[in-house]
2 protein chains.
Amino acid sequence: VSVMVGVDIGGTKVALGLVGEDGSLHGDAREDVTLTGGDAVFVEGLIGSVRRAVAESREEVLGIGLGCAGTIDSARGTVIESPNLPVRDLPLATLVRDAIGLPVVLDNDANAAVWAEVQAGAARGLRHVVMLTLGTGVGGGLVLDGRLFRGAAGGAGELGHMVVMAGGEVCACGRRGCLEAYASGTALQRTAERIADAVGRGLVEEGKGTDYGRGLLRLHRQDRLSGESVGALALEGDAAAGNAVFEVSRWLGVGLANLANVFNPEMIVVGGGLSRLGDLLLEPAREILRRTALHPSGDAQVAIAELRNAAGVVGAGLVAWEEHRSVARVGRP
Amino acid sequence: VSVMVGVDIGGTKVALGLVGEDGSLHGDAREDVTLTGGDAVFVEGLIGSVRRAVAESREEVLGIGLGCAGTIDSARGTVIESPNLPVRDLPLATLVRDAIGLPVVLDNDANAAVWAEVQAGAARGLRHVVMLTLGTGVGGGLVLDGRLFRGAAGGAGELGHMVVMAGGEVCACGRRGCLEAYASGTALQRTAERIADAVGRGLVEEGKGTDYGRGLLRLHRQDRLSGESVGALALEGDAAAGNAVFEVSRWLGVGLANLANVFNPEMIVVGGGLSRLGDLLLEPAREILRRTALHPSGDAQVAIAELRNAAGVVGAGLVAWEEHRSVARVGRP
């Protein structure tokens, strides 16, 4: 069989794996720590990792797919800017192709993720799919009419920076009121902090019981309140943590309804760290979608992403596979 | 030469014209009053109008394009629901085709409008174009990767029903905080009413001069305050009317930035009645787009629609032309 090398370029680590056309991983994905310290060192380390993966592969390697956070010009293979990397306008695809001698595709990590879900995950076989990745921030990927949609210059799909509450909470992007400021791990933490503060000051609503919010308050005093810890507490059944998740979920629902009205997708896939909350996160959001989006867009399915840890590697590999097929199609007489 | 009959189905009138492949009108577009009173009467009237247009044409008529407000399933040729028509789930394309004996395409009026701008208007030759139609309400149309984008079931492009201010002003759709509730003719009227009320109660800010808001107040007392009358006053240089336009324009800017972040389009085209305000409407909105959208999406051009009165007829005709070419492409061996 043949494979692609899928490469998930994170902030401090690069994960690689050999990806079959069906999205299967051949062998384990592995992580290589990449040195930071400027373009040249980063690119050198990355090329070394890819070269090893190609050399050690027992399958025929047809090409390389690179997935990277940030603004990517996929058509030119350039990292325009990335929150994780000390680079700007870096022609990464060309650099790797020239070093390795195989075709290279570079794309946004969110595009890789949604493509993986459409090819081998929750949205298998669907043609109109929107993906939201809810982590510290909110990422977005779009598959429209069966194809990855990147916009005029690779900037499409910044779904977390749709304003849903003009003048509202401050977002990491510097604006106020973005979806990301309301439906992310950061937002869950902030919401839980507010509850913990109220509990600490004795402002618990009557009838909520004396234990209400004690778990959040404890975490807060230990400086351990985070989207992840609040989510874990909510999954254990803690009422106050559950309320924090509920609030985030309702904002997520506002975002889902907006996306449904804009795209009329068959499915919206929710991935990222917050998606571990499953239906605890999705149910209130689905209800807002159903109740507020216009007909027929409110019928969109909402599902948790299926590809978990290796999603970045598999997605990057599958984007390379799609490019390979597309070149073959165009190349035929 | 050959033509398509372009048909713009409005609330009480049907406008028709013969449309060349370049978007030219052959002869005048004309309006036929269509009786309302249920499906059958409406369809009969429509078919009569189309039949006359075909019979009177001196050019070869290749097909018929129907543009209609509402939720349209273009793939099936069905009007799912329309604010203008007393119909539901009406297979209009089939009914007209069977009666006339020519191919019929049915699409949303907003899709027809954006297609017309891309083929023969402000966005000629561009591949990624978002259109906002600002009238009493806000409509939307999308051309992505050079093709009309309709979503899974024809519901895409409801750009006016993107929530930008959760819990905000009531929208005609029944929800709160939609873009339509802030950046439409209705919103301009409401904003002007608020100013007129304040002026009437003597609450004018100091330093604004004794004439400030008198024009709006006069219109208000005559019950003639509307998006159109406020816009006309603003174009004459009235400061209070200009401020009302400015407020609507800034909300429009929030919408433009959202759309830029989501689609990274080359251009956003603004049409509809409010677009007669030209740069008075666009400039403050552009500034918000430039200042708040992410790179590179904030670079999107913002332009006023070029096709005016006949846009609906021309757009419907051009959608029929595109379908004609697409059938020819697929049909070739």
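Colleague: Please explain the environment of Leu277 of chain B as it appears in this structure.
Modeller: The topology assignment puts Leu277 of chain B in the loop between strand 12 (267–271) and helix 8 (279–292). For Leu277 of chain B, a relative accessible area of 7% translates into the label buried.

Colleague: So what exactly am I meant to see when it comes to the packing of aromatic side chains here?
Modeller: Applying the stated criterion across every chain yields a total of three aromatic pairs over all chains. For the pair Tyr182 of chain B and Trp251 of chain B, a centre-to-centre distance of 4.1 Å together with 35° between the ring planes defines the contact as tilted. Taken together, the positions of Tyr182 of chain B in the loop between strand 11 (147–148) and helix 4 (185–200) and Trp251 of chain B in helix 7 (residues 239–263) put the pair 69 residues apart, joining distant regions of the chain. When sorted by exposure, Tyr182 of chain B lands in the same class as Trp251 of chain B, which is buried. In this structure, Arg190 of chain A is placed above the aromatic ring of Tyr182 of chain A, and the distance from its NZ or CZ to the ring centre is 5.9 Å.

Colleague: Please clarify how the pattern of salt bridges should be interpreted in this entry.
Modeller: A side chain of one charge can pair with a side chain of the opposite charge when the charged atoms of the two come close. Here the structure, examined in full by the defined rule, presents 34 salt bridges over all chains. Of the charged contacts, one joins Glu31 of chain A and Lys13 of chain A as a salt bridge, the two residues approaching to 3.4 Å between their closest N and O atoms. Remark: Lys13 of chain A occurs in strand 2 (residues 13–19) and Glu31 of chain A occurs in strand 3 (residues 25–33); sequence separation between them is 18 residues. Judged by its relative accessible area of 41%, Lys13 of chain A falls in the partly exposed class. Note that Arg286 of chain B and Glu283 of chain B form a salt bridge whose closest N and O atoms lie 2.7 Å from each other. You can see Arg286 of chain B and its partner Glu283 of chain B sitting in helix 8, three residues apart, about one turn around the helix. Given the relative accessible area of 15%, Arg286 of chain B is considered buried. What you see here is one network of salt bridges that share partners, running through Glu21, Glu322, Arg325 and Arg329 of chain A.

Colleague: What is the right way to read the interface of chain A and chain B from this model?
Modeller: A common way to report how large an interface is uses the accessible area buried once the components associate. Facing the 42 residues of chain A at the interface are 42 residues of chain B. A combined buried area of about 3,300 Å² lies between chain A and chain B, and 61% of that area is made up of carbon and sulfur atoms. On the chain A side of the interface with chain B, the three residues burying the most area are Phe149, Arg175 and Val262 of chain A, jointly 16% of the side's total. The tally of links from chain A across to chain B stands at two salt bridges. Between Asp145 of chain A and Arg147 of chain B there is a salt bridge, with the nearest N and O atoms lying 3.8 Å from each other. Where chain A packs against chain B, one counts 18 residue pairs in polar contact (both at pLDDT 80 or more). Secondary-structure elements contributing two or more residues to the side of chain A that touches chain B are strand 6 (78–81), strand 10 (138–144) and helix 7 (239–263) of chain A. Take the side of chain A that touches chain B: its biggest share by element is seven residues, from helix 7 of chain A. For the side of chain A that touches chain B, a count of residues per class yields 22 nonpolar, 13 polar and seven charged.

Colleague: Mind showing me how you'd approach helix 1 (residues 39–56) of chain A here?
Modeller: Because an α-helix completes one turn every 3.6 residues, residues spaced three or four positions apart along the sequence face the same direction. Residue and element names in this part refer to chain A. Between the first and last C-alpha of helix 1 there are 26 Å, a value that for 18 residues agrees with the 26 Å anticipated at 1.5 Å per step. For helix 1, the set of buried residues is Phe42, Val43, Leu46, Ile47, Ser49, Val50 and Ala53. Buried residues of helix 1 fall within an arc of 160° about the axis and therefore sit on the same side. Of the residues in helix 1, the exposed ones pointing more than 90 degrees away from the buried face are Ala40, Glu44, Ala55 and Glu56.

Conventions used here
- Residues numbered from 1 in each chain as written.
- Chains lettered and ligands numbered in written order.
- Predicted model: local features only at pLDDT ≥ 70, side-chain atom pairs only at ≥ 80, totals over all residues.
- Heavy atoms only, no water.
- Helix = DSSP H or I, 4+ residues; strand = E, 2+ residues; numbered from the N terminus.
- Buried < 20%, exposed > 50% of the residue type's maximum accessible area, 1.4 Å probe, protein only.
- Phe/Tyr/Trp six-rings, centres within 6.5 Å; stacked < 30°, edge-to-face > 60°.
- Lys NZ or Arg CZ within 6 Å of the ring centre and 35° of its normal.
- Salt bridge = Lys/Arg side-chain N within 4 Å of Asp/Glu carboxyl O.
- Contact = heavy atoms within 4.5 Å.
- Buried area = accessible area lost by both parts, 1.4 Å probe.
- Polar contact = N/O pair within 3.5 Å; in protein donor to acceptor, adjacent residues only side chain to side chain.
- Nonpolar A, V, L, I, M, F, W, Y, C, P; charged D, E, K, R; others polar.
- Expected span 1.5 Å × (residues − 1).
- Arc of directions from axis to C-beta.

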